[in-house]
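# Report on the structure
These are the residues of each chain, in order.
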Amino acid sequence: QVQLVESGGGSVQDGGSLRISCEASEHTIRNYCMAWFRQAPGKEREGVASIDIHGSTNYADSLKGRFTISKDNAENTLNLQMHSLKPEETAMYYCAARTLYGGTCGALRTYELNSWGQGTQVTVSS
């Protein structure tokens, strides 16, 4: 079974930067579509960024140029470097994997990601 554990969340000022990470079970990063999602209280979970098995990335339009998703297949780690964070981006950030056939990794559809971590809280103060 896929296991995902996020870390690196915390509090930053408006405009600040933060790097969060996801440690995955063996071979997960190499073999599956990986993604970051976020969810604020009372809001729908939304896609942040994805990276497929070939290393191709996709980002939510509002995040392009500010966020960078990366992975290390050998270390089974997934990372998200965030810059110029805004207060409205305060949310629980989740690492997710797609282990099923079909779907589109870059589409960032919540229901297509079937394995999830527990989340790490990111708080951006104004």
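The structure under discussion appears in the preceding block.
Residues numbered from 1 in each chain as written. Predicted model: local features only at pLDDT ≥ 70, side-chain atom pairs only at ≥ 80, totals over all residues. Heavy atoms only, no water.

Scanning the protein chain from N- to C-terminus turns up 1 helix and 11 strands. Start at the N end of the protein chain and walk to the C end: the helices and strands fall as β-β-β-α-β-β-β-β-β-β-β-β. Here the C-alpha atoms of the protein chain give a radius of gyration of 13 Å, agreeing with the 14 Å that 2.2 N^0.38 yields for 126 residues. In the protein chain, 61% of the contacts between residues at least 6 apart in sequence involve partners at least 24 apart. (Helix = DSSP H or I, 4+ residues; strand = E, 2+ residues; numbered from the N terminus. Rg over C-alpha atoms; globule rule 2.2 N^0.38 Å. Contact = heavy atoms within 4.5 Å.)

Moving on: the side chain of T28. For T28, the position within the fold is in helix α1 (residues 28-31). Residue classification places T28 among the buried positions, given a relative accessible area of 1%. When near neighbours in sequence (up to four residues on either side) are disregarded, T28 contacts V2, L4, M34, N76 and A97. (Buried < 20%, exposed > 50% of the residue type's maximum accessible area, 1.4 Å probe, protein only.)

In the sheet, strand β7 (residues 67-72) pairs with strand β8 (residues 77-82) via 6 bridges, with the strands oriented antiparallel. Bridging from a neighbouring strand, D72 pairs with T77 of β8. Hairpin connection between β7 and β8: a loop of 4 residues separates the two successive antiparallel strands, and N76 in this loop has a positive phi of roughly 55 degrees. (Pairing = 2+ DSSP bridges.)

A few words on the nonpolar core. W36, F67, L78, L80, M82 and Y93 are the most contacted members of the largest nonpolar core, which totals 26 residues. Counting 7 residues, the second-largest nonpolar core is a separate cluster that includes C33, F37, C105 and L113. (Core = buried A, V, L, I, M, F, W, Y, C linked by side-chain atoms within 4.5 Å.)

We now examine the packing of aromatic side chains. Across all of its chains, the model carries 2 aromatic pairs by this definition. Ring centres of F37 and W116 lie 5.1 Å apart, and the angle between their planes is 65 degrees; this geometry places the pair in the edge-to-face category. Of this pair, F37 sits in strand β4 (residues 33-39) while W116 sits in strand β10 (residues 115-116); the two residues are 79 residues apart in sequence, bridging distant segments of the chain. For F37, a relative accessible area of 0% corresponds to the buried category. Assessed through its relative accessible area of 27%, W116 is described here as partly exposed. With centroids separated by 6.3 Å and ring planes inclined at 85 degrees, the aromatic side chains of Y94 and W116 adopt a geometry described as edge-to-face. In this pair, Y94 sits in strand β9 (residues 91-98) while W116 sits in strand β10, placing the two residues 22 residues apart along the sequence. Taking relative accessible area as the criterion, Y94 reaches 14% and is therefore assigned buried. Sitting above the plane of the Y94 ring, R45 keeps its charged end 3.9 Å from the centroid. Over the ring of W116 we find R45; its NZ or CZ atom is 4.6 Å from the centre of that ring. (Phe/Tyr/Trp six-rings, centres within 6.5 Å; stacked < 30°, edge-to-face > 60°. Lys NZ or Arg CZ within 6 Å of the ring centre and 35° of its normal.)

Backbone-to-backbone hydrogen bonds join strands into a sheet, with any given pair of strands oriented parallel or antiparallel. If you walk across this open sheet you meet the 4 strands as β1-β3-β8-β7, and the pairing is antiparallel. Of all strands in the sheet, those with a lone pairing partner are β1 (4-7) and β7, marking the two edges. The average undirected angle you get between the axes of adjacent strands in this sheet is 15 degrees. (Axes fitted to C-alpha atoms, helices over the stretch in contact; angles between N-to-C directions.)

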